[in-house]
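A closer look at the structure
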Amino acid sequence: MAVNLTPNAIAAINGGDVNSKPLVQVLDIKLIGAGAQPKERYRVLLSDAVSSQHAMLATQLNDRVTSGRVRKGSIVQLIDYICTSSQNRKIIVVLNMETIIPECEIIGNPKSLVESDSTAQKPLPNSNFENSARVSNNRFNAQNSGQNVQSFPPTVQPPYQPPPNYRNHGPMLKNDAPARIIPISALNPYQGRWAIKARVTAKGDIRRYNNARGDGKVFSFDLLDSDGGEIRVTCFNAVVDRFYDAIEIGKVYMISKGSLKPAQKNFNHLKNEWEIFLEATSTVELCPDEDGSIPRQQFSFRPISEIENAENNSILDIIGIVISVNPSVPIMRKNGMETQRRILNLKDGSGKSVELTLWGEFCNREGQQLQEMIDSGVFPVLAVKAGKINDFNGKSIGSISATQLFINPDFPEARGLRNWFDRGGKNVASVSISREIMPGGSKNEIRKTVSQIKDEGLGRSDKPDWVTVKATISFVKTDTFCYTACPLMIGDRQCNKKVTRSGKTGWLCDRCNQEFEECDYRYLLQAQIQDHTGLTWVTAFQESGEEILGCSAKELYLLKHEEQDDDRFGGIIRSRLFNQYLFRLKIKEELYGDEQRVKITIVKADNVNHSSESRYMLDLISKFPR
């Protein structure tokens, strides 16, 4: 069977052709970039029987080489391709191709396109062209006579003439042609012109930084196209101002004229070796018509049972039924800033459960919504996009800035999980792959008894200890339960410093150096708490004091000192005694005069949720050795 390669294919591609889908032959294959690039790539030498030129294969075609479907001598048809300049020379980038004949003798006597151009002659008359082709074919057949191989005579080709659209217009006018839309998976740094159409699936906040080059700001967003390709886009400084407000999650955009650089895998969890950096010349155009071919989100769910073997700090997607939600607690970060943390428990049909830790705003948004659903007896399905694995003393999952939470989503995996849970999965025992405390914390999530606080010497290290104690309030000091505080705002925070009388009707704040007629009242509550092991003194400030007593410090102060209604005042205090709470305690040794004392502060007081507490106890029981 004779094979005719596409005449002038190499020259046509160099001239701007992207649509002819030519047949060419692979003369050579070489692996490049191993160790130096984020992922190995293959360079091939392509021939049309007369001319040859090097080409780069897109990384998604690597398996064609490793599997042997493309090798030296293969006849391939180029489906998607583009010619671009790299280091002052042209190179073909092959985005997609099909193998026509896996193995074939070398056809013709191809020479490098540069060499061919330098020795090109004028077109031959038709008669000479036919004779030349005939002589060439005979010579090729004679060389292969007597051999049991297929012969593939070359087609002698006239010199290439540029397509009419690009002829005599020069390179600048050629670049005015609109960029071709390509899949995200085909993007690579060797392309000079490209455009992608994709949906924004995630958008980060603007972050500010300071380095040797000065201050700056940055934000990123993630894209998903109709082929399932994902990539992160990052903007800096002036580009942030240009595009931040224009980007909306869920919208589809046409994006072009950005630069591609290796993805920083420490911060980028997407399955793409490249990342787009938008520049001053980049374009981002909103597509007003909804494109149903582009999914709104893409998941790659892992069963909870597989998380046990997942690598620490890896990013993955999970879906499960929320079986318990702990209250949100304040946590002090290493940088001195306070944030919120809330722990959930998820289970699925794999027979395992896992802790999911929410940080920051997740606690007050989705976390609070989940808490209310659990308290009302509803067990929602929760899909987690981009959760981070932690393996300290068991496996758990934590939220990061790129994490997205979907409560009771409408897709097959969620419907299947809901059906399993409602048909009996609710009563199926599951084994936790996490310990009962949040991995990665110090002692701040460990359940303790009152006696353990003293016996274990909590609070005597350089940093405070944070523990949870289930206890009741046995006594409240009522002579001094609040203080007069400054109501003035300093920035976005209230001053709250203690104020003193100034004259008969005014108040003075030494910190603000201002006088005012009305002051604020804030709790400084001294109380005793006790459990089955002992009792201890604790201090509760404003928020935790309101949680315990159920009214503001000002209301209670006026009731006692202005209205002098001792019966109502005493009734409020007595109604709070011997009620059981889950206390979040901060324990730290402090200096009082010349004496070191351990101070225990209530940072949060929650009523005991007996349903959640029962599940917690059952989980503890399941971990006892049998």
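What counts and how
- Residues numbered from 1 in each chain as written.
- Predicted model: local features only at pLDDT ≥ 70, side-chain atom pairs only at ≥ 80, totals over all residues.
- Heavy atoms only, no water.
- Helix = DSSP H or I, 4+ residues; strand = E, 2+ residues; numbered from the N terminus.
- Buried < 20%, exposed > 50% of the residue type's maximum accessible area, 1.4 Å probe, protein only.
- Contact = heavy atoms within 4.5 Å.
- Areas by Shrake-Rupley, 256 points an atom, 1.4 Å probe, with all protein chains shown as cover.
- 1 Å grid on protein atoms, 1.4 Å probe; cavity = no way out; pocket = protein on both sides within 12 Å on 5 of 7 lines; lining within 4 Å.
- Points joined across faces, edges and corners; volume = space filled by probe spheres on them.
- Nonpolar A, V, L, I, M, F, W, Y, C, P; charged D, E, K, R; others polar.
- Phe/Tyr/Trp six-rings, centres within 6.5 Å; stacked < 30°, edge-to-face > 60°.
- Lys NZ or Arg CZ within 6 Å of the ring centre and 35° of its normal.
- Arc of directions from axis to C-beta.
- Salt bridge = Lys/Arg side-chain N within 4 Å of Asp/Glu carboxyl O.
- Axes fitted to C-alpha atoms, helices over the stretch in contact; angles between N-to-C directions.
- Parallel < 35°, antiparallel > 145°, perpendicular 65-115°, else oblique.
- Lys, Arg positive; Asp, Glu negative; His and termini not counted.
- Polar contact = N/O pair within 3.5 Å; in protein donor to acceptor, adjacent residues only side chain to side chain.
- Core = buried A, V, L, I, M, F, W, Y, C linked by side-chain atoms within 4.5 Å.
- Pairing = 2+ DSSP bridges.
- Patch = residues over 30% accessible without salt bridge, like charges linked within 9 Å, V, L, I, M, F, W, Y side chains within 5 Å.
- Domains from an automatic or database assignment.

Regarding the overall build of the protein chain
Across its full length, the protein chain holds 14 helices and 35 strands. Taking all 626 residues of the protein chain together, the buried fraction comes to 45%. Expressed as a percentage of contacts within the protein chain between residues at least 6 apart in sequence, the contacts between residues at least 24 apart total 63%. Entry remark: accessible area of the protein chain is about 33,500 Å², with carbon and sulfur atoms responsible for 48%.

Comments concerning the layout of surface pockets
Reported here for the largest pocket is a volume of approximately 1,600 Å³. In terms of lining residues, the largest pocket is bounded by 50 residues, among which Arg207, Arg232, Phe267, Ser401 and Ala402 are the most central. Of all elements in the fold, only strand S7 (195–203), strand S8 (207–211), strand S9 (214–224), strand S10 (230–236), strand S13 (274–277), strand S17 (338–347), helix H8 (361–375) and strand S21 (404–407) reach the threshold of two or more residues within the lining of the largest pocket. Of the residues forming the lining of the largest pocket, the biggest block, six residues, is contributed by S9. When its residues are assigned to classes, the lining of the largest pocket shows 15 nonpolar, 19 polar and 16 charged.

A few points about unusual backbone geometry
For Lys21, which is not glycine, the phi dihedral falls at a positive 50°. Within the secondary structure, Lys21 sits in the loop between helix H1 (9–14) and strand S1 (23–32).

Here's the deal with the packing of aromatic side chains
When we look at a pair of aromatic rings, we describe it by the centre distance and by the angle of the planes. Across all of its chains, the model carries 14 aromatic pairs by this definition. A ring pair is formed by Phe219 and Tyr244, whose centres lie 4.9 Å apart and whose planes are at 85°; its orientation type is edge-to-face. You can see Phe219 sitting in strand S9 and its partner Tyr244 sitting in the loop between helix H6 (238–243) and strand S11 (252–256), a full 25 residues away along the chain. Residue Phe219 is classed as buried on the basis of its relative accessible area, which comes to 0%. Both rings, one in Phe299 and one in Phe301, keep their centres 4.8 Å apart while their planes meet at 15°; by these two values the pair is stacked. Linked through ring pairs, Phe299, Phe301, Phe406 and Phe411 together constitute an aromatic cluster. The ring of Tyr244 has Lys203 sitting right over it, with the charged end atom 3.9 Å from the ring centre.

A few points about helix H11 (residues 542–549)
Every buried residue of H11 is accounted for by Gln542, Ser544, Gly545, Ile548 and Leu549. The buried residues of H11 occupy an angular sector of 165° when the element is viewed end-on, so they sit on one face. Where H11 ends, the next residue or the one after it, Gly550, has phi of about 80°, a positive value.

Re helix H12 (residues 553–562)
Ala553, Leu556, Leu559 and Lys560 are the residues of H12 that are buried. Within H12, the buried residues cover an arc of 135° as seen down the axis, which keeps them to one side. Exposed side chains of H12 directed beyond 90 degrees from the buried face belong to Glu555 and Glu562. The inward-facing, buried residues of H12 abut strand S25 (482–485), strand S31 (520–523), H11 and helix H13 (566–576). Of the residues one or two after H12, Gln564 is the one with positive phi, at around 50°.

Notes on the pattern of salt bridges
Under the definition given, this model contains 22 salt bridges. One salt bridge in this structure joins Glu595 and Arg597, with 3.6 Å as the shortest N-O distance. Connected via shared salt-bridge partners are Glu230, Asp317 and Lys385.

A look at the packing of H12 against H13
Relative to each other, H12 and H13 sit at 140°, their axes nearing to 8 Å. With respect to each other, H12 and H13 are oriented oblique. From H12, Leu556, Leu559 and Lys560 reach across to H13, where they touch Arg568, Phe569, Ile572 and Ile573. For the contact of H12 with H13, the class distribution of residues is five nonpolar, no polar and two charged.

Some remarks on the side chain of Arg342
Tracing the chain through its elements places Arg342 in strand S17. Notably, Arg342 is buried but unbridged: the nearest opposite-charge side chain belongs to Asp375, and the N-O separation is 7.5 Å. A polar side-chain atom of Arg342 sits 3.2 Å from the main-chain carbonyl oxygen of Cys363. Among the polar contacts made by the side chain of Arg342, one reaches the side chain of Gln368 at a distance of 3.1 Å. Aside from chain neighbours lying at most four places away, what touches Arg342 is Val325, Asn326, Pro327, Ser328, Leu356, Thr357, Leu358, Cys363, Gly367, Gln368 and Gln371.

A few points about the nonpolar core
Core analysis: the largest hydrophobic core is formed by 40 residues, its most contacted members being Ile473, Tyr523, Ile548, Leu556, Phe583, Leu585 and Ile602. Broken down by element, this core gets its largest block of residues, five residues, from strand S24 (residues 465–476). Ile548 has contacts with Ile473, Ala540, Arg576, Tyr581, Phe583, Ile602 and Ala605, leaving out every residue within four places of it along the chain.

Here we look at the sheet that holds strand S30 (residues 514–516)
Overall, antiparallel pairing links the three strands, which are arranged S28-S29-S30 in an open sheet. Looking at which strands have only one partner, the edges of the open sheet turn out to be strand S28 (500–502) and S30. Geometrically, the sheet is characterised by an average inter-axis angle of 40° between neighbouring strands, direction not taken into account. In the sheet, strand S29 (residues 506–509) pairs with S30 via three bridges, with the strands oriented antiparallel.

As for a nonpolar patch on the surface
A surface patch of nonpolar side chains, about 350 Å² in accessible area, is lined by Leu618, Ile621 and Phe624. Mapped onto the secondary structure, Leu618 falls in helix H14 (residues 610–622). Taking the relative accessible area as the measure of exposure, Leu618 reaches 55% and is therefore exposed.

Thoughts on empty space enclosed by the protein
The probe, sized like a water molecule, is rolled over the atoms to show the empty space still left. All told, the structure shown has two cavities of 30 Å³ or more when counted by the stated rule. Forming the boundary of the second largest cavity are Thr201, Ala202, Asp222, Glu230, His269, Leu270, Gln297, Lys385, Ala386, Ala402 and Gln404. Where the lining of the second largest cavity is concerned, the elements lending two or more residues are S7 and strand S19 (381–390). Counting residues domain by domain, the lining of the second largest cavity receives three or more from each of domain 2 (184–286) and domain 3 (301–432).

Describing the pairing of strand S33 (residues 534–540)
Looking down a regular strand, the side chains alternate between one sheet face and the other. Here seven bridges tie strand S32 (residues 525–531) to S33, and the two strands are oriented antiparallel to one another. Bridging across to S33, Gln530 finds its partner in Leu535. Hairpin connection, S32 to S33: the antiparallel pair is bridged by two residues. Looking at chain direction, S33 and strand S35 (residues 595–607) are connected through two bridges and run parallel. Across the sheet, residue Thr539 finds its bridge partner in S35, namely Thr601.

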